[in-house]
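Architecture at a glance
Residues per chain are reported as follows:
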Amino acid sequence: MTDMALETSALGKRYGRSWALQECSLRLPTGRIAGLVGPNGAGKSTLLHLAVGLLRPDAGWARVFGQDPRDNTEVLPEIGFVAQDTPLYRDFTVTDLITLGGKLNRRWDAAFARDRIAQLDIPFRKPVGKLSGGQRAQVALTLAMAKRPRLLLLDEPVAALDPLARREFMQALMGVVSESDTTVLLSSHLVADLERVCDYLIVLQKAHVQLAGPIDDLLDEHRTLVGPRTEPDTLPGVAKVISASHTDRQSTLLVRTQGPPINDPSWTQREVALEDLVVAYLHAGTRTARTVSEVTA
Ligand SMILES: Nc1ncnc2c1ncn2[C@@H]1O[C@H](COP(=O)(O)OP(=O)(O)OP(=O)(O)O)[C@@H](O)[C@H]1O
């Protein structure tokens, strides 16, 4: 029995001559709520589709709870997936979809689905196509959860929602997850939303994983240093300079630390905000287009 909900090794997917995802090695432990962040075209949907077995890798492998989702249909009931734009049968009512879910899924908690839709005050008898975007997103999440999956993959579930609906959706997601032992991987462009609910982060840029790990560890391992203008190749206690900006007199560095604490008095140290960390790695990714960090479990 593995304690990894999702594990990939050198995973890659190519369209023609372009890699949509390349050399992706990740280990997402069970019980995490992980955010997958990256700009348009970074490879987020591709990774999620590979994880659910909807795409075949051109390199490497993906395993969900230790099994290849393409070869092992037994693992599919363990995975709930809500694709981008929450595609649902638009002429079906919520009641129809709950009934359909019962016919298509081995393990199906219709009572949970009905209770949650009633709590959210979403009409059961209206065609789904006539619901608001926020209501449709909630219906899609409810149906995915009614499957009682052990891994829930959500591709930009809040993209269509206004800020209030977004916040409500994220709170609902946290509530639902805290009542079960579901591992969640959700993609979004909005780091602030992810920060509120996620305890694990994966940053993708140009088909490559730039950074991955538990958010607390990532924040612990990085510092902003402000000091006299310099362009240092090495600094004691620094594994890597991720980003640097300079004025005439002063340099500001975002660094990944290593080993003993940095105690050079010429540098003032600050903790790093998650958004700044993500932005620094995305900029670093545009410069190198290669992985700049090993992936930590
Ligand atoms: N079916 C396809 N055929 C050809 N290229 C594709 C296909 N699907 C994705 N791509 C390309 O693969 C790359 C990664 O796309 P992907 O949809 O995974 O990115 P994403 O990070 O989810 O983007 P977004 O935030 O815009 O949804 C992009 O360059 C995209 O154009």
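Residues numbered from 1 in each chain as written. Predicted model: local features only at pLDDT ≥ 70, side-chain atom pairs only at ≥ 80, totals over all residues.

An unreviewed UniProt entry lists the protein under the name ABC transporter ATP-binding protein, from Streptomyces lunaelactis.

Focus on the sheet that holds strand 7 (residues 183-187)
Hydrogen bonds between backbone groups are what pair the strands of a sheet, and the pairing can be parallel or antiparallel. Pairing within the open sheet is mixed, and its six strands lie in the order 5-6-7-3-8-9. Edge positions in the sheet fall to strand 5 (79-82) and strand 9 (208-214), since each has one partner strand and no second. Shown here is a sheet whose adjacent strand axes are inclined to one another by a mean of 15 degrees, direction ignored. Of the strand pairs in this sheet, strand 8 (residues 200-205) and strand 9 are connected by six bridges, and their pairing is antiparallel. For Val-203, the partnering residue across the bridge sits in strand 9 and is Leu-211. The strands that helix 1 (residues 44-51) touches are strand 3 (33-37), strand 6 (151-155), strand 7 and strand 8; relative to strand 6, the one it contacts most, it runs at about 150 degrees. (Pairing = 2+ DSSP bridges. Helix = DSSP H or I, 4+ residues; strand = E, 2+ residues; numbered from the N terminus. Axes fitted to C-alpha atoms, helices over the stretch in contact; angles between N-to-C directions. Contact = placed C-beta atoms within 7 Å.)

Some points on the site of the ligand
What surrounds the ligand is the set Tyr-15, Ala-20, Gly-38, Asn-40, Gly-41, Ala-42, Gly-43, Lys-44, Ser-45 and Thr-46. The leading source of residues in the shell around the ligand is helix 1, at three residues. Considering only residue class, the shell around the ligand consists of three nonpolar, six polar and one charged. (Near = placed C-beta within 6 Å. Nonpolar A, V, L, I, M, F, W, Y, C, P; charged D, E, K, R; others polar.)

A short note on the domain arrangement of the protein
Accessible area lost during the coming together of the parts is what is often quoted as the interface size. By domain assignment, the protein separates into domain 1 (4-205) and domain 2 (217-288). Using only C-alpha atoms to locate each centre, domain 1 and domain 2 end up separated by 34 Å. Contact with domain 1, which involves eight residues of that partner, is made by eight residues of domain 2. Where the side of domain 1 that touches domain 2 is concerned, the elements lending two or more residues are helix 6 (191-197) and strand 8. In terms of residue class, the side of domain 1 that touches domain 2 is built from six nonpolar, one polar and one charged. (Domains from an automatic or database assignment.)

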